[in-house]
Each structure stands twice: as C-alpha cells, then as structure tokens.
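Chain by chain, the residues run as shown.
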Amino acid sequence: MQLLKERILKDGVVKPGNVLKVDSFLNHQMDIDLINEIGKEFRRRFPSEKITKILTIEASGIGIACIAAQYFHVPVVFAKKAQSINIDGEVYHSKVESFTHKRTYDVILSKKFLGPDDHVLIIDDFLANGCALLGLISIVKDAQATIEGAGIVIEKGFQQGGDKIRDLGIHLESLAIISSMTDTSLTFKED
C-alpha cells in the first residue's frame, strides 16, 4: 500500500532495537483519513462474504479494526490484556508476549462474543515475532471458529512472525512489509 509506505517514510521514527515509532499517525495519534484507506484496502484484500467478526487485541489494534469493520459490516471484538469486573462468565485466554513492551500478557475474550459459527478476520497494527497474532489464533481455535485471514498494517519482514503465520496456512496480508531496519533507516519489501 503505497500511501502507507510514504507515510511511514515521512513520519515514522526508527529507534535502536528494531523499533519503528508510528505514534504520530497510527497507534497513539490516529490519522483517520489514512486508517480509512487502510480499512478499504483490507476489504479489497479480504473480499470474502463469509467474515462475521473482526478480532484484534487491545489497545493499538482497536481503532484500526473498528474503521476496517465499516467495510465488512461486521462487529469488532477485542482480546483484553487484563481481567476486568466488566467481563462476566467464561472466557477464552491465551498468553501473549509483547515485542514492544517486553512482557507477557494473559489475554482474554468473553466466550459469548466468539463461537463455532463465526468466520474471523484478525487485524492488528504490527507483526514482528508473531506472538500477539499466534495468541489470537489460539483463541479463535479454542472457540472452534474459522480463521478467514489476518490483516496487518506493518510487518517487520526481517523477523519471524510472518513466516510462522504463513507456515500455518493462514491467509496473511500485510499492507507494508519492512525488509530491513537499521538504527536510522528502513527499506520495504517490493510488492
């Protein structure tokens, strides 16, 4: 997605340790016009009419998933990173290690919002080592729902996450794949 790549080059900040900060337009302050185009692109790449739910993980994926959902006309559900008194009844859970935060979360999703009849598109902002996505896949499988695919805004193609997901046979679409990063620059995989 050329528009996204241009925005990453213009406003993304590369930090030591393979960290790409896109907080000025994607996951802290959100450029809604850009995210609207991202939503349209996900719909183009996942044209299936079977999708019944979009699943993401809090917090950065929620806004992206919500805007994308308007093109699929389906609800968004998100896995929470902490137990809450607002969640009643049984839950699915999975352990997820965060590359960015360097910690492990026990993520949960109420069983009343995901079941065997659902066809799920997973959406998230980043894919690095694949831990968050694998955790969401585990939840979908526990629910005996069908995974229709995974849509990622930015994939760090030089890390193993994308390969892990593709090796599972899951339809993975990443809108921008970074092929290499140094402490000061990045390059994209050619389309």
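The structure presented is a predicted model; accordingly, all values stated were derived computationally and were not measured.

Quick notes on the rules
- Residues numbered from 1 in each chain as written.
- Predicted model: local features only at pLDDT ≥ 70, side-chain atom pairs only at ≥ 80, totals over all residues.
- Heavy atoms only, no water.
- Helix = DSSP H or I, 4+ residues; strand = E, 2+ residues; numbered from the N terminus.
- Rg over C-alpha atoms; globule rule 2.2 N^0.38 Å.
- Buried < 20%, exposed > 50% of the residue type's maximum accessible area, 1.4 Å probe, protein only.
- Contact = heavy atoms within 4.5 Å.
- Areas by Shrake-Rupley, 256 points an atom, 1.4 Å probe, with all protein chains shown as cover.
- Polar contact = N/O pair within 3.5 Å; in protein donor to acceptor, adjacent residues only side chain to side chain.
- UniProt positions renumbered as here; feature names shortened; annotations may be inferred.
- Pairing = 2+ DSSP bridges.
- Right-handed = clockwise from strand over helix to strand, strands pointing away.
- Axes fitted to C-alpha atoms, helices over the stretch in contact; angles between N-to-C directions.
- Phe/Tyr/Trp six-rings, centres within 6.5 Å; stacked < 30°, edge-to-face > 60°.
- Lys NZ or Arg CZ within 6 Å of the ring centre and 35° of its normal.

Visitor: Describe the overall build of the protein, listing the residues and the values that go with them.
Guide: Along the protein, the regular secondary structure elements total 5 helices and 10 strands. On C-alpha atoms alone, the protein measures out to a radius of gyration of 16 Å, which is about the 16 Å that the 2.2 N^0.38 rule sets for 191 residues. The burial tally for the protein puts 47% of its 191 residues in the buried class. Restricting to contacts in the protein with at least 6 residues of sequence separation, those with at least 24 account for 61%. Only carbon and sulfur atoms are counted for the fraction: they give 49% of the accessible area of the protein, which is about 9500 Å².

Visitor: Help me get a handle on the environment of valine 13, residues and values and all.
Guide: Tracing the backbone through its elements, the reader meets valine 13 in strand E1 (residues 13–15). A relative accessible area of 41% places valine 13 in the partly exposed class. The residues contacting valine 13, other than those within four sequence positions of it, are Val19, Leu20 and Lys21.

Visitor: Could you give an account of the side chain of arginine 45, with specific residues and numbers?
Guide: Inspection of the secondary structure puts arginine 45 in helix H2 (residues 32–45). Judged by its relative accessible area of 17%, arginine 45 falls in the buried class. Looking at arginine 45, its side chain comes within polar contact range of the side chain of glutamate 41, at 2.8 Å. Excluding residues that lie within four positions of it along the chain, arginine 45 makes contacts with Met1, His171, Glu173, Ser174 and Leu175.

Visitor: Quick rundown of the UniProt feature "binding site: 5-phospho-alpha-D-ribose 1-diphosphate" (unreviewed entry) in the protein? Include the residues and the values.
Guide: Here, UniProt's "binding site: 5-phospho-alpha-D-ribose 1-diphosphate" (unreviewed entry) annotation points to Ala128, Asn129, Gly130, Cys131 and Ala132. With respect to the helices, strands and loops of the structure, alanine 128 is situated in the loop between strand E7 (119–127) and helix H4 (131–142). The buried category is assigned to alanine 128, whose relative accessible area is 11%. Overall, the relative accessible area of 3% leaves glycine 130 in the buried class.

Visitor: Break down the pairing of strand E8 (residues 146–156) for me, with residues and values.
Guide: Counting buried residues along E8, 9 of its 11 residues qualify, which places the element largely inside the surrounding structure. Bridge count for E7 against E8 is 8 bridges, and the pairing is parallel. Paired with aspartate 124 across the two strands is isoleucine 152, which belongs to E8. Tracing the backbone out of E7, into H4 and back to the parallel element E8 gives a crossover that is right-handed. Pairing geometry for E8 and strand E9 (residues 172–181), over 6 bridges, is parallel. Each residue of the ladder has a partner; that of alanine 150, found in E9, is leucine 172.

Visitor: A description of the sheet that holds strand E4 (residues 76–79) should follow, citing residues and the corresponding values.
Guide: Overall, mixed pairing links the 6 strands, which are arranged E4-E3-E7-E8-E9-E10 in an open sheet. The open sheet has two edge strands, E4 and strand E10 (186–188), and neither has a second partner. The average angle at which neighbouring strand axes cross in this sheet is 30°, direction not considered. Along the sheet, H2 contacts E7, E8 and E9; its crossing angle with E9, the most-contacted strand, is approximately 115°. Against the sheet, H4 touches strand E3 (53–57), E4, E7, E8 and E9, its axis set at about 165° to E7.

Visitor: Can you tell me about the packing of aromatic side chains, naming the residues and giving the values?
Guide: To describe a pair of aromatic rings, one takes the distance between the centres and the angle between the planes. Taken as a whole and assessed by the stated rule, the structure comprises 0 aromatic pairs. Directly above the aromatic system of tyrosine 105 lies the positively charged group of lysine 81, at a separation of 4.7 Å from the ring centroid.

Visitor: Tell me about the environment of glutamine 144, and name the residues and values.
Guide: Following the sequence through the fold, glutamine 144 ends up in the loop between H4 and E8. Overall, glutamine 144 belongs to the exposed group, its relative accessible area being 60%. Along the backbone, glutamine 144 and aspartate 118 are 26 residues apart, and their C-alpha atoms lie at a distance of 8.4 Å.

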